[in-house]
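Spelled out, the chains give:
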Amino acid sequence: MATERTLSIIKPDATRRNLTGRINACFEEAGLRIVAQKRLLLTEANAREFYAVHKDRPFYRDLVAFMISGPVVVQVLEGEDAVARNREVMGATDPRKAAPGTLRAQFAENIEANSVHGSDSPENAASEIAFFFAGYEIVG
Ligand code: CMP
């Protein structure tokens, strides 16, 4: 197994309910180390660009509106197989399909307001991390 980094976003539905600390505790209990973190408001341009891969999907417009509706916490998680490990911790995109105990099963409100985002591959992790962080902001 390799030490990897992945991008995580704690979404507006979760920051609104003051869940950042509980979600971070789940990452740490799963062996993921938070090596960079900042809370910010995405601009519409940021959100459109970050989710550009979904631009032709019917949910794109609503997704962008949701992601700019409140603060997000963007973070870099580091650990063994961090991309896959984080996806296990998050659970399925749709909380109705998420395994018990996963973040989305515990906290998500619905498929859009699903509390967390995580990169889906090491390649996407690298580009998503670079979208939000300069190298000097990541301290392993
Ligand atoms: P995320 O992992 O951030 O990646 C894209 C997001 O689109 C996803 O989580 C969901 O929050 C959101 N989304 C909204 N509707 C859908 C849908 N029908 N299928 C997949 N993702 C959706």
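For the structure, see preceding data.
What counts as what
- Along every chain, residues carry numbers that run from 1 in the direction the sequence is written.
- Predicted model: local features are reported for residues with pLDDT of at least 70 only, side-chain atom pairs are reported and counted for 80 or more only, and whole-chain, interface and lining totals are derived from all residues.
- To get the side-chain values, take all heavy atoms of the structure and skip hydrogens and water.
- When DSSP locates at least two bridges between a pair of strands, those strands are taken to pair.
- Helix and strand assignments follow DSSP, with helices taken as H or I runs no shorter than four residues and strands as E runs no shorter than two, numbered in order from the N terminus.
- Helix axes are fitted only over the stretch in contact, all axes being lines through C-alpha atoms; the angle between N-to-C directions runs from 0 to 180 degrees.
- The criterion used for residue contact is that any of the two residues' heavy atoms lie within 4.5 Å.
- To qualify as a nonpolar core, a set must consist of buried Ala, Val, Leu, Ile, Met, Phe, Trp, Tyr and Cys residues joined through side-chain atoms within 4.5 Å.
- For the exposure calls, accessible area comes from a 1.4 Å probe over protein chains only, and a residue counts as buried if that area is under 20% of its type's maximum, exposed if over 50%, partly exposed in between.

Novice: Any details on the sheet that holds strand β1 (residues 3-10)? Residues and values, ideally.
Specialist: Hydrogen bonds along the backbone pair up the strands of a sheet, which may run parallel or antiparallel. Here 4 strands make up an open sheet; going across it, the order is β2-β3-β1-β4 and the pairing antiparallel. Strands with a single pairing partner mark the edges of an open sheet, and in this sheet they are β2 (33-40) and β4 (116-118). Strand-to-strand twist across the sheet, computed as the mean angle between neighbouring axes with direction ignored, equals 20°. One ladder, built from 7 bridges, connects β2 with strand β3 (residues 72-80); its direction is antiparallel. Looking across to β3, one finds that L40 is bridged to V72. Against the sheet, helix α7 (residues 122-132) makes contact with β1, β2, β3 and β4, and its axis sits at roughly 55° relative to β1, the strand it touches most.

Novice: Let's hear about the nonpolar core: which residues, and what values?
Specialist: Within the largest apolar cluster, 21 residues are counted, with the highest numbers of intra-cluster contacts made by L7, I9, M67, V76, F132, F133 and I138. Contributing elements (two or more residues each) for this core: β1, β2, α3 (44-50), α4 (60-67), β3 and α7. Setting aside residues no more than four positions away along its own chain, I138 makes contact with R5, V35, A36, V76, I129 and F133. In terms of nonpolar packing, the next biggest core, distinct from the first, is built from 16 residues, I10, A14, I23 and L32 among them.

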